[in-house]
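# Summary of the model geometry
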Amino acid sequence: MASPVWHPFTQHGLEEAIPQVVSAEGALLHLADGRTLIDGISSWWVTTHGHCEPRIAAAIARQAATLDQLIFAGYTHGPAEEVAQGLIDLAPRAPSQPTLAHVFYSDSGSTAVEVALKMALGYWHNRGEPDRHRILVLQRSYHGDTIGAMSVGERGVYNAAWSPLLFDVGTIPFPAPGSEQTCLDALEAACAQKPAAFIVEPLILGAGGMLVYPAHVLREMAAICRRHGVLFIADEVMTGWGRTGTLFACEQAGVVPDIMAVAKGITGGAIPLAATLATGPIFDAHRSTDRAKLFYHSSSYTANAIACAAAAANIAIWCEEDVLGRIAALTAGIASRLADLARHPAYANPRQLGAIAAIDLVAPDAGYLSDLAPRLRAFFLEKGLLLRPLGNTIYLMPPYCLDAGQLDAIFAALHAAGDRYGTQA
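All of these numbers come straight from a predicted model, not from anything done at the bench. (Residues numbered from 1 in each chain as written. Predicted model: local features only at pLDDT ≥ 70, side-chain atom pairs only at ≥ 80, totals over all residues. Heavy atoms only, no water.)

### Examining empty space enclosed by the protein
- According to the stated counting rule, one finds one cavity of 30 Å³ or more in the structure shown.
- Put simply, the largest cavity is a space of about 40 Å³.
- Lining the largest cavity are Leu338, Ala357, Ala358, Ile359, Ile394, Tyr395, Leu396, Phe411 and Leu414.
- Mapped by element, the contributors of at least two residues to the lining of the largest cavity are strand E14 (356-361), strand E16 (393-396) and helix H12 (404-421).
- Looking at the lining of the largest cavity residue by residue, the class counts come to nine nonpolar, no polar and no charged. (1 Å grid on protein atoms, 1.4 Å probe; cavity = no way out; pocket = protein on both sides within 12 Å on 5 of 7 lines; lining within 4 Å. Points joined across faces, edges and corners; volume = space filled by probe spheres on them. Helix = DSSP H or I, 4+ residues; strand = E, 2+ residues; numbered from the N terminus. Nonpolar A, V, L, I, M, F, W, Y, C, P; charged D, E, K, R; others polar.)

Next comes the structure, spelled out in structure tokens:
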């Protein structure tokens, strides 16, 4: 009998195989049919230290036996307070820039972005400037699948059905190599029109194709926004928790955003949680004796105690263990193997930022809706890998516990995929 489950980003009419995973540990997933897969994409970019990390799993078990869920409107609990302070302590800092000082909880990257957008518009509304509501976005960006998050992302087949619901935005060209100044000039001109905010994925675009841009461009973007009084929002949902080589990508540019969204690795990938961090002025614009100015946003599971306990354990791992050392070793291992793969005639445009790597397979009909990506997914499954290419872009974003043998197996499969599916670059 067919399963009643409706899977995300899955065209069930194609009847692709949907393996059942029964257990996991480290970088490995164990299937019901006895096979084992290497998780090369951290199960959609969330698993950082490895699956079923013992400290996080133990924290979840302890919290589940003590306090599971609590209404967070007008109440609080220890894990939420601990995580909020931990996030503030770990957040990017820079001289002469306001610090991120307040934490608002939600439950996914999309909702963290929704919260950020609502904070930005609420800021201007409560300051008596409600006409400042236009949002600037970076070309080819992706910020999630809820309405606001889709509105500030790239438009295409993946959100065309809901275009009547999406609000208009101002789009800034992506700073591709050689066109960085074009991007900055366009941002300068757009900011002169006094929009509400500019939202970016710092240093690398995720679902937009793993496109990398330099830290000096991110630094100048933030500076332009500051000069014009435009709020700068950093979407660190994917880039946070070490993916780019630093805890948060903004650190590499010396940038403290006005608002920062975090999710995915906040619990080490164990359980859903998200947070939106804001500076004092953002919070103060909503703080009032007037109840009409309060921040009208919540969800039933805001700051779920079990999820916060997992996040607290994750923060403890970051504070007490050499996570950045593991990331540096993984980054070096990926770099040497990526350089070798780049010599394959079927591959082009290798790029890497920290423990994220991507390369384009040169093949006919390589668009987003072609059948290349499904064929590659099936091929990698046969090779014992969980990889999910973006069209013809094959990327890696593994958990930091991945060992050298597992890395070798991944790159051997990439070489084999080039042999089978690629054409000469």
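### Side note on the layout of surface pockets
- Considering only enclosed or pocket space, the second largest pocket measures out at about 780 Å³ in volume.
- Lining of the second largest pocket is provided by 23 residues; of these, Phe72, Val103, Phe104, Phe283 and Phe295 occupy positions nearest its centre.
- Those elements giving two or more residues to the lining of the second largest pocket turn out to be helix H3 (78-90), strand E4 (100-106) and helix H8 (280-286).
- The dominant element in the lining of the second largest pocket, judged by the number of residues it contributes, is E4, at four residues.
- Split by residue class, the lining of the second largest pocket holds 14 nonpolar, seven polar and two charged.

### Re the nonpolar core
- Formed by 103 residues in total, the largest nonpolar core has its most connected members in Phe198, Met221, Trp241 and Phe380.
- Considering every element that reaches this core, the biggest residue donor is helix H9 (residues 305-320), with nine residues.
- Counting residues in hydrophobic clusters, the runner-up holds 28 residues, among them Ala112, Ala197, Ile199 and Ile282. (Core = buried A, V, L, I, M, F, W, Y, C linked by side-chain atoms within 4.5 Å. Buried < 20%, exposed > 50% of the residue type's maximum accessible area, 1.4 Å probe, protein only.)

### Topic: helix H10 (residues 323-341)
- Between its first and last C-alpha atoms H10 spans 27 Å; for 19 residues at 1.5 Å apiece the expected length is 27 Å, and the two agree.
- Residues of H10 that are buried in the fold lie against H9, strand E13 (347-353), E14 and H12. (Expected span 1.5 Å × (residues − 1). Contact = heavy atoms within 4.5 Å.)

### A closer look at the sheet that holds strand E1 (residues 21-25)
- An order of E1-E2-E3-E15 is seen for the four strands of this open sheet, with the pairing classed as mixed. With one partner strand each, in any of the chains shown, E1 and strand E15 (385-386) form the two edges of the open sheet.
- Note: strand E2 (residues 28-31) against strand E3 (residues 36-39), three bridges, orientation antiparallel. Bridge pairing links Leu29 to Leu37 in E3. (Pairing = 2+ DSSP bridges.)

### Some remarks on the pattern of salt bridges
- For the structure on display, the rule yields 13 salt bridges.
- For Glu220, the salt bridge identified is with Arg227, shortest N-O distance 3.4 Å.
- We classify Glu220 as partly exposed; its relative accessible area is 28%.
- Residues Arg375 and Asp371 are paired through a salt bridge, measuring 3.4 Å at the closest nitrogen-oxygen approach.
- We classify Asp371 as partly exposed; its relative accessible area is 43%.
- Within the structure, one salt-bridge network assembled from shared partners comprises Arg55, Glu320, Glu321 and Arg326. (Salt bridge = Lys/Arg side-chain N within 4 Å of Asp/Glu carboxyl O.)

### Here's the deal with the UniProt feature "modified residue: N6-(pyridoxal phosphate)lysine" (unreviewed entry) in the protein chain
- Mapped onto this numbering, the UniProt entry gives "modified residue: N6-(pyridoxal phosphate)lysine" (unreviewed entry) at Lys264.
- Residue Lys264 is classed as partly exposed on the basis of its relative accessible area, which comes to 25%.
- Setting aside anything within four residues of it in sequence, one finds Lys264 in contact with Trp44, Trp45, Val46, Val237, Met238, Gly269 and Leu273.
- A distance of 3.3 Å separates a polar side-chain atom of Lys264 from the backbone oxygen of Trp44. (UniProt positions renumbered as here; feature names shortened; annotations may be inferred. Polar contact = N/O pair within 3.5 Å; in protein donor to acceptor, adjacent residues only side chain to side chain.)

### Side note on the packing of H3 against H9
- Two elements in contact, H3 and H9, have axes whose closest approach is 8 Å; the angle formed by their N-to-C orientations is 35 degrees. Between H3 and H9 lies a crossing of left-handed hand. The residues of H9 that touch H3, namely those facing Pro79, Ala80, Glu82, Val83, Gly86, Leu87 and Leu90, are Ala305, Cys308, Ala309, Ala311, Ala312, Ile315 and Cys319. (Axes fitted to C-alpha atoms, helices over the stretch in contact; angles between N-to-C directions. Left-handed = near helix turned anticlockwise from the far one by under 90°.)

### Digging into the sheet that holds E14
- Spatially, three strands are ordered E13-E14-E16 in an open sheet, and the strand pairing comes out antiparallel. This sheet does not close on itself; its edge strands, each paired only once, are E13 and E16. The sheet shows a mean angle of 15 degrees between the axes of neighbouring strands, taken without regard to direction.
- Sheet topology places E13 next to E14; five bridges connect them, and they run antiparallel. Residue pairing for E14: Arg351 is matched across the bridge by Ala358.
- On top of the sheet, H10 reaches E13 and E14; it is set at about 170 degrees to E13, its chief contact.

### Brief notes about the packing of aromatic side chains
- Inspection of the entire model under this criterion finds 11 aromatic pairs.
- With a centroid separation of 5.1 Å and an interplanar angle of 85 degrees, the aromatic rings of Phe104 and Phe295 are classed as edge-to-face. Remark: Phe295 occurs in the loop between H8 and H9 and Phe104 occurs in strand E4; sequence separation between them is 191 residues.
- The aromatic ring of Trp124 is capped on one face by Arg132, whose charged end is 3.8 Å from the ring centroid. (Phe/Tyr/Trp six-rings, centres within 6.5 Å; stacked < 30°, edge-to-face > 60°. Lys NZ or Arg CZ within 6 Å of the ring centre and 35° of its normal.)

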